[in-house]
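Single-letter residue listing:
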Amino acid sequence: MKIGFEIHEQLFTDQKLFCNCPTNYRDVPPNTNVCPVCTGMPGSKPSSPNEKAIDSAIEIALMLNCEIVVDKSIYIQRKHYDYPDLPNGYQRTSLPIAEDGELEDVGIREVHIEEDPGKYDPVQGKVDFNRSGIPLVEIVTDPDLSSPEQARDFLNTLIRTLEYSGRVRPEPSTLRADTNISLKGGNRVEVKNINSVKGAFRALKYEAMRQKRRKEVKRETRAFMEGQMITVPMRSKEVAEDYRNIPDPDILPIRIEGEKVEKIRAEMHEPPHLRRKRVIEKYDIDPAVADVLVTERGFVDLFEAVTDEVDPRFASHWFKDILRKVLNYKDMGPEDIPFSVDNLVELLKMVEREEITPEKGELILRKMVEDPKNPKKLLEELDLKAIDRGKLVSSVEKVIQENEEAVRDFRSGKKEALNFLAGQVMKVTEGKADPREAMNVLEERLDE
Ligand SMILES: [Zn+2]
């Protein structure tokens, strides 16, 4: 089985590719971020391509180990097709700005930039041109993947690499993917209309099964129907590929100088798969922990920022088990963290030196994401509110009396009943009890 991808994502620029219209299309009413260029008015003159979009595509291509096309004319092509979201009747797309890359043993055939079409709503018959002209990066891979599972893992790695670059529009994802798949000896089928990793995986699973059952597989383009999780024929390949590409006579070709490439290379972000390798070696941490650290660039950045002052192995486990959990619970990304690195270092040191229990450390962290104060101050506040031993014991006794069934379960050997009871103690004490102490008192009383 051979699988390849064409991936599109929006580049994160303030202005569109061939005009100065803003790109915050999600925040404004339909058809307000528009001008004669991005609505294809006759006689309108496109500007030369947005420099920041080109630089962004160069950085992404370098992170994918590509050769940049240097000192050559890179023409902007007009790719003709008819659809209501395409006001010119053609989409402007560049020739490759980079070629011959590689990401985890999958060949990257080329990287180029193009303009996004508008958004057509076939139900209402309305078009919104706010999106029209926003720069996209397109990445074309070789068909080096050999199963839907492998394709899914690769796509995750590729998308994470784009996120690490900081050059694509952040969440929600603007991913649009086409995939091609052929079984041994069979024709190549292209599947369009995919906009998530999960969708790609399902489309490939379906296609692999469909093609296996066929005596003969037609060479064609199919569309993935997300709701039904199937693919349906779109058009046959022979007619489809006639885009009548011609160089756009209104736009001078792009020319990339070697000096610029080296400048971008010197400042570019480290791709996640290399970063993972480096943190494992440099800090001697477990690969499974490193996998969690590198899920987001901001997360591993923060981890590396504390390693000067805190033992990296200790910090890595704490990041994986506690910080990740607290952020997930609050539905926060690393970019939303309000406290300073210094405060985090101080908290980690308090736990590392065993001045406080890990549970108390977690409690303080939960406070710190709401109220980014010095952890020592937060500890004082917590201790003021903490309940004394006598109150804890009476709370435990209350819980034991009121939860006969769980107590019976525990005494007959169901150890998980203890967690339930401890949860009840936390509830009764309104979270003021120290969880470890509550557990100890519970065990003492239950043993009696
Ligand atoms: Zn415009």
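How each quantity is defined
- Residues numbered from 1 in each chain as written.
- Predicted model: local features only at pLDDT ≥ 70, side-chain atom pairs only at ≥ 80, totals over all residues.
- Heavy atoms only, no water.
- Axes fitted to C-alpha atoms, helices over the stretch in contact; angles between N-to-C directions.
- Helix = DSSP H or I, 4+ residues; strand = E, 2+ residues; numbered from the N terminus.
- Parallel < 35°, antiparallel > 145°, perpendicular 65-115°, else oblique.
- Left-handed = near helix turned anticlockwise from the far one by under 90°.
- Contact = heavy atoms within 4.5 Å.
- Nonpolar A, V, L, I, M, F, W, Y, C, P; charged D, E, K, R; others polar.
- Buried < 20%, exposed > 50% of the residue type's maximum accessible area, 1.4 Å probe, protein only.
- Donors = N, O, S within 2.8 Å, 3.2 Å for Na, K, Ca; no water.
- Tetrahedral: all angles 85-135°; square planar, octahedral: opposite > 155°, others 65-115°.
- Expected span 1.5 Å × (residues − 1).
- Arc of directions from axis to C-beta.
- Pairing = 2+ DSSP bridges.
- Patch = residues over 30% accessible without salt bridge, like charges linked within 9 Å, V, L, I, M, F, W, Y side chains within 5 Å.
- Areas by Shrake-Rupley, 256 points an atom, 1.4 Å probe, with all protein chains shown as cover.
- Salt bridge = Lys/Arg side-chain N within 4 Å of Asp/Glu carboxyl O.
- Lys, Arg positive; Asp, Glu negative; His and termini not counted.
- Charge placed at Lys NZ, Arg CZ, Asp CG, Glu CD.
- Phe/Tyr/Trp six-rings, centres within 6.5 Å; stacked < 30°, edge-to-face > 60°.
- Lys NZ or Arg CZ within 6 Å of the ring centre and 35° of its normal.

With their axes 10 Å apart at the nearest point, helix H9 (residues 312-329) and helix H11 (residues 358-370) run at an angle of 40 degrees to one another. Of the possible angle classes, the one that applies to H9 and H11 is oblique. H11 is crossed by H9, and the crossing has right-handed handedness. On the side of H9, the interface is formed by Trp318, Ile322, Leu323, Lys325, Val326 and Tyr329, while H11 contributes Gly361, Glu362, Leu365, Arg366 and Val369. Tallied by class, residues from the contact of H9 with H11 come to 7 nonpolar, 1 polar and 3 charged.

As a further point, take the environment of Glu444. In this fold, Glu444 is placed in helix H16 (residues 435-447). Judged by its relative accessible area of 39%, Glu444 falls in the partly exposed class. A sequence separation of 110 residues divides Glu444 from Pro334, and the C-alpha atoms of the two residues are 40 Å apart.

With that settled, consider the coordination of the zinc ion. Six octahedral donors around a metal ideally subtend angles of 90 or 180 degrees, whereas four tetrahedral donors ideally subtend 109.5 degrees. Distances from the zinc ion to its protein donors, namely Cys19 (SG), Cys21 (SG), Cys35 (SG) and Cys38 (SG), fall within the range 2.3 to 2.4 Å. Of note is the zinc ion, whose 4 donor atoms meet at the metal with angles of 102 to 113 degrees in an arrangement that counts as tetrahedral. Linear spacing of the donor residues for the zinc ion on their chain is C-x1-C-x13-C-x2-C. Taken as a pair, Cys21 in the loop between strand E1 (2-10) and helix H1 (51-63) and Cys35 in the loop between E1 and H1 lie far apart in primary sequence, 14 residues in all.

Going from Glu171 to Pro172, the amide bond is cis rather than trans, its omega being -10 degrees. When you line up the elements, Pro172 lands in the loop between helix H2 (148-165) and strand E10 (176-182). With phi around 55 degrees, Asp331 is a residue other than glycine that occupies positive phi space. Here Asp331 shows up in the loop between H9 and helix H10 (341-352). For Glu354, which is not glycine, the phi torsion reads 60 degrees and is therefore positive. Relative to the elements of secondary structure, Glu354 occurs in the loop between H10 and H11.

Take helix H15 (residues 416-428) next. With 13 residues, H15 should reach 18 Å at 1.5 Å per residue; the first-to-last C-alpha distance of 19 Å fits that figure. For H15, every residue scored as buried is listed here: Ala417, Leu418, Leu421, Ala422, Gln424 and Val425. Along the axis of H15, the buried residues cluster in a sector spanning 155 degrees; they form a single face. Residues of H15 that are exposed and point more than 90 degrees away from the buried face comprise Glu416, Asn419 and Lys427. Close packing links the buried residues of H15 with helix H13 (389-402), helix H14 (404-411) and H16. In the segment just after H15, Glu430 is the residue with positive phi, at about 55 degrees.

With that settled, the discussion passes to the pairing of strand E9 (residues 135-141). The element E9 is largely enclosed, with a buried count of 7 among its 7 residues. Because side chains alternate across E9, one face comprises the buried residues Pro135, Val137, Ile139 and Thr141, and the other comprises Leu136, Glu138 and Val140, equally buried. The pairing of E1 with E9 spans 5 bridges and is antiparallel. Paired with Glu6 across the bridge in E9 is Val140.

With 2 bridges connecting them, strand E2 (residues 67-68) and strand E5 (residues 98-103) associate as antiparallel partners. Considered in E5, the bridge of Ile68 is made with Ala98. Across 5 bridges, the pairing between E5 and strand E6 (residues 106-115) is antiparallel. Bridge pairing in E6 links Ala98 to Val111. Between E5 and the antiparallel strand that follows it, E6, lie 2 residues; Glu104 among them carries a positive phi value of about 45 degrees.

Relative to the elements of secondary structure, Lys360 occurs in helix H11. We classify Lys360 as buried; its relative accessible area is 17%. If sequence neighbours within four positions are ignored, Lys360 has contacts with Leu379, Asp383 and Asp434.

Further remarks concern H11. With 13 residues, H11 extends 19 Å from end C-alpha to end C-alpha; this agrees with the ideal 18 Å at 1.5 Å per step. The set of residues buried in H11 consists of Lys360, Gly361, Glu362, Ile364, Leu365, Met368 and Val369.

On the surface, Glu102, Glu104, Asp105 and Asp144 cluster together to form a negatively charged patch. By relative accessible area, which is 31% here, Glu102 ends up partly exposed.

Applying the stated criterion across every chain yields a total of 5 aromatic pairs. A centroid spacing of 5.7 Å and a plane angle of 90 degrees characterise the contact between Tyr83 and Tyr120, whose relative ring orientation is edge-to-face. One end of the pair, Tyr83, is in the loop between strand E3 (76-80) and strand E4 (90-94); the other, Tyr120, is in strand E7 (residues 119-121), with 37 residues separating them in the sequence. Among the aromatic residues, those joined into a ring-pair cluster are Tyr283, Phe299, Phe303 and Phe319. One residue, Arg92, lies across the ring of Phe18, its end atom 5.3 Å from the ring centre. Seen from the ring of Tyr329, Arg366 lies directly overhead, with NZ or CZ sitting 5.2 Å from the centre.

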